[in-house]
Amino acid sequence: MLSLTNITHQFADKILYEDLNLQVNKGEHVGLIGQNGAGKSTLIKIITGELLPDNGRVDVPRSVQLGYLDQYVRVDETLTIYEFLKTAFQKDLDVEAQITEYYATYGETFDDRLLEKAGRLQTQLDQGEFYQMDTLIQEMATGLGIQVLGLDSLLKELSGGQRSKVILAKLLLEKPDILVLDEPTNHLDDTHVEWLTNFLQNFAGTFLVVSHDRNFLNDITTHIADIEFGQLTKYTGNLKKALKQKEANRETYLKQYENQKKHIEKTEAYIRKYKAGSRSTMAKSREKQLAKVDRLTPPSDVAKPHYQFPYHEIVSTLALTTDQLVIGYEKPLLKPIDLTIRYGEKVAIRGFNGIGKSTLLKTLIGEISALDGEFHFPANTKINYFSQELVWQYPLETPLQYLSDLYPKATIKELRRHLSLAGLVNQLAQEPIKDLSGGEQTKVKLAQMTMTPGNFLILDEPTNHIDQQAKESLQESLANYPGTVIVVSHEQEFYENFVERVIEIEG
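Heads up: these notes are all about the structure in this document. The model shown is predicted, which means the values in this text are computed figures rather than measured ones. (Residues numbered from 1 in each chain as written. Predicted model: local features only at pLDDT ≥ 70, side-chain atom pairs only at ≥ 80, totals over all residues. Heavy atoms only, no water.)

With that out of the way, let us pick up the overall build of the protein. Helices and strands together make up the secondary structure of the protein, namely 17 helices and 17 strands. Expressed as lengths along the three principal axes of its C-alpha atoms, the size of the protein is roughly 105 × 75 × 40 Å. The 507 residues of the protein split such that 47% are buried. Summed over its atoms, the accessible surface of the protein is roughly 26400 Å², and 48% of this surface lies on carbon and sulfur atoms. (Helix = DSSP H or I, 4+ residues; strand = E, 2+ residues; numbered from the N terminus. Buried < 20%, exposed > 50% of the residue type's maximum accessible area, 1.4 Å probe, protein only. Areas by Shrake-Rupley, 256 points an atom, 1.4 Å probe, with all protein chains shown as cover.)

What follows is the structure, given as structure tokens:
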């Protein structure tokens, strides 16, 4: 269904892949994994033809229809959600129009061949899903949480996250032969991730999915393609089995490397000792043998991020109270909110996508105004906020320049240290932010938080793009943080071990 042959690609000074190969066969459900910056999204762009590799070949058979989840694709914003989803059946709609045209022409010419053609096309429609179109659209809209937005809503009225869900729904309705999905769960809540999991488990076609949601990936995959150090290894089995196999392979490799290293050191010592003596012939022979040895690459460990959010002392019993707080833009999104959070409490806010979780957080930090009611933080509250949007005022700035503008008194050494602890080593600190992967951009924002003293952390979907190591480090730092924490996340596995309370928002 898809094959990549000897793909080599360089990004600025960084070699992403060298002679990378992958074959995806019919019916395989493949998860693409790798550390942030390994080049997962770039590889997706190469597969879909958006980017040309420096070297190598991508082959998709001509008969195969490839469908790609492009969350930034241009759409006709004057369409309603229903009209847009209906375009998934455009081929059938064109066939229906052709049938109508045949009958209209027959009315003028009485050419029986037109009736035959119309009959063949009608059989094609009868045997397909055309007459279940409305039911399929309704089922998809309900499953992905689009129904609540109103199918008569215009696309231009939707937020970025809502629009992404609608684009995903259209792609799934099209049922291409091979699906290519980049982070499909980013804008879905728990219930809709569960629905998508079920859909993909039963998907008869082939797919390639990039996701940092481990449970989701584990449940939907039959194979895992792992990018590490510019190479790709394909494993059979779901994520758990693949990681187990990867660990076993790593242990075997480490043993081979250590054995080879000892052998080389022993041989080099022998050569040094006897090169000029009576055994010089033997020493030279061993030197020639050593030169022919195919030396194994030293195992390199990617530095694990370490987040530490500076704490600003405060004495208080309550951290936040709201009194009949009404949030929204022009009209209320939710009923009036009465909420009390104790100081030092760690809370997760959960609810379906688009219900108003991010709007509540933006109201609390003062980014948008409350429609009615009020909220109160005690004196000396210092909020440290993480926004899920990866939008930059100056995308050509490097992470170093970005942090330097925010903290002009900090030395370059300090800034580099914070970026390094966030998981962005030297070279990445000097790349334009727009050239970084989603996970690397998220780490820039987390580095910024590690330089901002506070006593109330508010995080909106912090795990959307980051790899497992960064997630584990973030979990640990939030669990140990002495202040108050509010986190919005669709990944229950991420927050369930450190929060004391889950606040469910429903209508």
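Moving on from the model shown.
Bringing the side chain of asparagine 238 into the picture now. Within the secondary structure, asparagine 238 is located in the loop between β9 (231–236) and α9 (239–274). A polar side-chain atom of asparagine 238 sits 3.3 Å from a polar atom in the side chain of asparagine 218. Residues in contact with asparagine 238, not counting those within four places in the same chain, are Asn218, Thr221, Thr222 and Ile224. (Polar contact = N/O pair within 3.5 Å; in protein donor to acceptor, adjacent residues only side chain to side chain. Contact = heavy atoms within 4.5 Å.)

Our focus in this paragraph is unusual backbone geometry. The residue glutamate 183 is not glycine, and still its phi comes out positive at about 50°. In this fold, glutamate 183 is placed in the loop between β6 (178–182) and α7 (190–201). A relative accessible area of 7% means that glutamate 183 is categorised as buried. In this model, glutamine 324 sits at a positive phi of 50°, which is unusual for a non-glycine residue.

Okay, a positive patch on the surface next. There is a patch of like positive charges on the surface, built from Lys266, Lys273, Arg279 and Arg286. Along the chain, the position of arginine 286 falls in helix α10 (residues 280–291). The class for arginine 286 is partly exposed, based on a relative accessible area of 31%. (Patch = residues over 30% accessible without salt bridge, like charges linked within 9 Å, V, L, I, M, F, W, Y side chains within 5 Å. Salt bridge = Lys/Arg side-chain N within 4 Å of Asp/Glu carboxyl O. Lys, Arg positive; Asp, Glu negative; His and termini not counted. Charge placed at Lys NZ, Arg CZ, Asp CG, Glu CD.)

The next point concerns the nonpolar core. Judged by nonpolar contacts, the single largest core of 52 residues is most densely connected at Ile81, Ile146 and Leu200. A per-element tally of this core places helix α6 (residues 160–174) first, with seven residues. When sequence neighbours within four positions are dropped, the list of residues in contact with isoleucine 146 reads Ile81, Ala141, Leu151, Lys165, Val166 and Ala169. In this structure, Leu403, Leu419, Leu424 and Leu478 belong to the second largest nonpolar core, which totals 36 residues. (Core = buried A, V, L, I, M, F, W, Y, C linked by side-chain atoms within 4.5 Å.)

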